[in-house]
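# Descriptive analysis of the structure
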Amino acid sequence: MDYKVNFINNSYKRFFKAHKKEIVGVFVECASKGDFMLRDQTREFERRLVDYIGVKYAVGMNSCTDAMFLSLKALGVGPGDEVITVAHTFIATIQAIVHTGAAPILVDVGKDELMDMDKVRKAITPNTKVILPVHFHGKVCDMNKLWKIVSEADHKIFVVEDAAQALGANYNNRRAGSFGDTGCFSFNFPKLMGAYGDAGAVVTDNEELFKKLLLLRNHWNITQGSVKQEDYPQPEEMGWGWKSRIDNIQAAILNVKWKYYPQMLKRRKRICMKYLKGLQGLPLFLPIVQEGQIFQEFIIRVKEIWEFKKFMDDKGIELLIRDTTPNHKLEGLGLDH
């Protein structure tokens, strides 16, 4: 009997089978109470995220894409502004910038496969409003160097972290997402701690940003939010918001997963270490490992990608092919400047 080494679905099936009682239990609890949006489960999820990252505030959202977009909006980013980010990233990072009306300024990666901070320094102009580092593949950008660049700039520059793939990654004894004005996370299903659909969150130490993000995610309405109304009353002046709330059932499922996340990270690391050892000497480029990283994915590079995929398909091993065309060369997006 042939056996296929599956990339995502098998791990979800195993987790559900092992923890079915807990997962079904939280769904029944939400359904029986009618707790479908911004209820106790969301408050608990946000509290857990605050404690885990080591920040003051967290706002559950429907995706990391919206977490980045609304972070930029909360910081006042709009037409005429520039946001520096890295070219080698999932398109959502750039998409979040474009939808604010600002111009994305793309820089290349360095030898560590992360945003090249020397290129960031050269890309800063008087129009630079935000720098958006991407902690790709579970590794954290050189945030010390980035903050030095920001502190030496001639004007105020904000930092928004794309930590979609770096929940739990450490850099200088701090968690990814805790360095910037905001940190943005993804909990959609392919992530290590994925929900059973879409989910995301943004964290911050800035109370004013926190209150603004609460309004922006929910039609400018705090009274329907996951915070106590006496602590955060509805402002008298209205503004335009969006609909980007984390689904309460997804929050409840993620609360179950929080308990098991540390052992998930340890197991994933053990598997990746086996890969690194077993694949040494083969004609492919292995990922560069960073101290404190998490192993969201195991990315390799090969010279003949489609020939390699056919070989692996024949062996029953699933591959995900990514980034065959760089973002700045995608037709129709106008990023080739």
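Heads up: the structure comes first, above all this text.
In this text, all values refer to a predicted model and were calculated from it rather than measured experimentally.

### With respect to a positive patch on the surface
A grouping of Arg14, Lys266, Arg267, Arg270 and Lys274 is seen on the molecular surface, where their side chains present a positively charged patch. Tallying contributions element by element places helix H10 (residues 261-278) first for the positive patch, with 4 residues. Summarising the element assignment, Arg270 is placed in helix H10.

### Section: the pattern of salt bridges
Counting across every chain of the model gives 17 salt bridges. In this structure, Lys129 engages Asp81 in a salt bridge whose closest nitrogen and oxygen atoms are separated by 3.9 Å. Taken together, the residues Lys129 in strand S4 (residues 128-132) and Asp81 in the loop between helix H4 (64-74) and strand S2 (82-86) connect sequence positions 48 residues apart. On the basis of relative accessibility, which here comes to 16%, the residue Asp81 falls in the buried class.

### A short note on helix H9 (residues 248-258)
Burial analysis of H9 places 11 of its 11 residues in the buried class, the great majority of the element. Of all the residues in H9, the buried ones are Asn248, Ile249, Gln250, Ala251, Ala252, Ile253, Leu254, Asn255, Val256, Lys257 and Trp258. Of the residues flanking the start of H9, the one acting as N-cap is Asp247, its side-chain oxygen 2.8 Å from the backbone nitrogen of Ile249.

### Quick look at the side chain of Asn327
With respect to the helices, strands and loops of the structure, Asn327 is situated in the segment after helix H11 (305-314). Here the side chain of Asn327 touches Ala87 through a polar contact of 2.9 Å, landing on its backbone oxygen. Aside from chain neighbours lying at most four places away, what touches Asn327 is Ala87, Thr89, Ile91, Ile94 and Leu335.

### Re the nonpolar core
Counting 91 residues, the largest nonpolar core has Leu49, Leu167, Phe187 and Tyr261 as the members making the most contacts within it. With residues up to four places along the chain from it excluded, the contact list for Leu167 reads Leu49, Tyr52, Ile53, Phe185, Phe187, Met193, Trp258, Tyr261, Leu265 and Ile294. Counting 6 residues, the second-largest nonpolar core is a separate cluster that includes Cys272, Leu284, Leu286 and Phe298.

### Remarks on empty space enclosed by the protein
If a probe as big as a water molecule is rolled over the atoms, it shows which places are left empty. Following the criterion strictly, the structure yields 2 cavities of 30 Å³ or more and no others. Of the volumes computed, that of the largest cavity is approximately 50 Å³. Lining the largest cavity are Ala164, Leu167, Ser186, Phe187, Lys191, Leu192, Met193, Tyr261, Ile294 and Gln296. Its residues assigned to classes, the lining of the largest cavity comprises 7 nonpolar, 2 polar and 1 charged. Lining the second largest cavity are Leu214, Arg217, Asn218, Asn221, Ile222, Gly225, Ser226 and Val227. Its residues assigned to classes, the lining of the second largest cavity shows 3 nonpolar, 4 polar and 1 charged.

### Notes on the packing of aromatic side chains
Taken as a whole and judged by the stated rule, the model has 11 aromatic pairs. Ring plane angle 15° and centroid distance 4.6 Å describe the contact between Tyr57 and Phe210, whose orientation is recorded as stacked. Taken as a pair, Tyr57 in strand S1 (residues 57-61) and Phe210 in helix H8 (residues 207-216) lie far apart in primary sequence, 153 residues in all. For the pair shown, Tyr57 and Phe210 are each scored as buried. Between Tyr171 and Phe179, the aromatic rings sit 5.7 Å apart at their centres with planes inclined by 75°, giving edge-to-face as the arrangement. Summarising the burial analysis for this pair, Tyr171 and Phe179 share the class buried. Put simply, the rings of Tyr52, Trp258 and Tyr261 touch in pairs and so form one group of aromatic residues. When the ring centre of Phe179 is taken as reference, the NZ or CZ atom of Arg174 above it lies at 4.3 Å.

Rules used in this analysis
- Each residue is numbered by its place in its chain's sequence as written, counting from 1.
- Per-residue local features of the predicted model are confined to residues with pLDDT of at least 70, and side-chain atom pairs are confined, for both listing and counting, to 80 or more; whole-chain, interface and lining totals are unaffected and use all residues.
- Processing note: side-chain calculations cover all non-hydrogen atoms of the structure and skip hydrogens and water entirely.
- Residues forming no salt bridge and having over 30% relative accessible area are the ones grouped into patches, like charges within 9 Å of each other and nonpolar side chains (Val, Leu, Ile, Met, Phe, Trp, Tyr) within 5 Å.
- The protein chains shown are the only cover counted for residues, whose accessible areas, like all others here, come from Shrake-Rupley with a 1.4 Å probe.
- Whenever Lys or Arg places a side-chain nitrogen within 4 Å of a carboxyl oxygen from Asp or Glu, that contact is recorded as a salt bridge.
- Think of it this way: Lys and Arg go in the positive column, Asp and Glu in the negative one, and His and the chain ends go nowhere.
- To locate a charge, the coordinates of NZ of Lys, CZ of Arg, CG of Asp or CD of Glu are taken.
- For helices the rule is a DSSP run of H or I covering at least 4 residues; for strands it is a run of E covering at least 2, with both sets numbered from the N terminus onward.
- Accessibility here uses a 1.4 Å probe with only protein chains present; expressed as a share of the type maximum, an area under 20% marks a residue as buried, one over 50% as exposed, and anything in between as partly exposed.
- The term polar contact refers here to a pair of N or O atoms within 3.5 Å; inside protein, the definition further demands a hydrogen-donor-capable atom paired with an acceptor-capable atom, and it admits residues adjacent in sequence only when both atoms are side-chain atoms.
- Note on definitions: a residue-residue contact is assigned when non-hydrogen atoms from the two residues lie within 4.5 Å.
- For the purposes of this section, nonpolar cores are sets of buried Ala, Val, Leu, Ile, Met, Phe, Trp, Tyr and Cys residues that join through side-chain atoms within 4.5 Å.
- The method works on a 1 Å grid over the protein atoms by themselves. A cavity is a set of points holding a 1.4 Å probe that cannot get out, a pocket is an open set with protein on both sides within 12 Å along at least five of seven lines, and residues with an atom within 4 Å of a point line them.
- Grid points are joined across faces, edges and corners, and a volume is the space filled by probe spheres set on the points.
- Any residue outside Ala, Val, Leu, Ile, Met, Phe, Trp, Tyr, Cys, Pro, Asp, Glu, Lys and Arg is labelled polar, Gly included; the first ten of those are nonpolar and the last four are charged.
- Within 6.5 Å between ring centres, the rings of Phe, Tyr and Trp (the latter by its six-membered ring) count as paired, and their orientation is classed by plane angle as stacked under 30 degrees, edge-to-face over 60, tilted in between.
- The criterion for a charge sitting over a ring is simple: Lys NZ or Arg CZ within 6 Å of the ring centre, and within 35 degrees of the ring normal.

Just distances and angles here, no functional claims.
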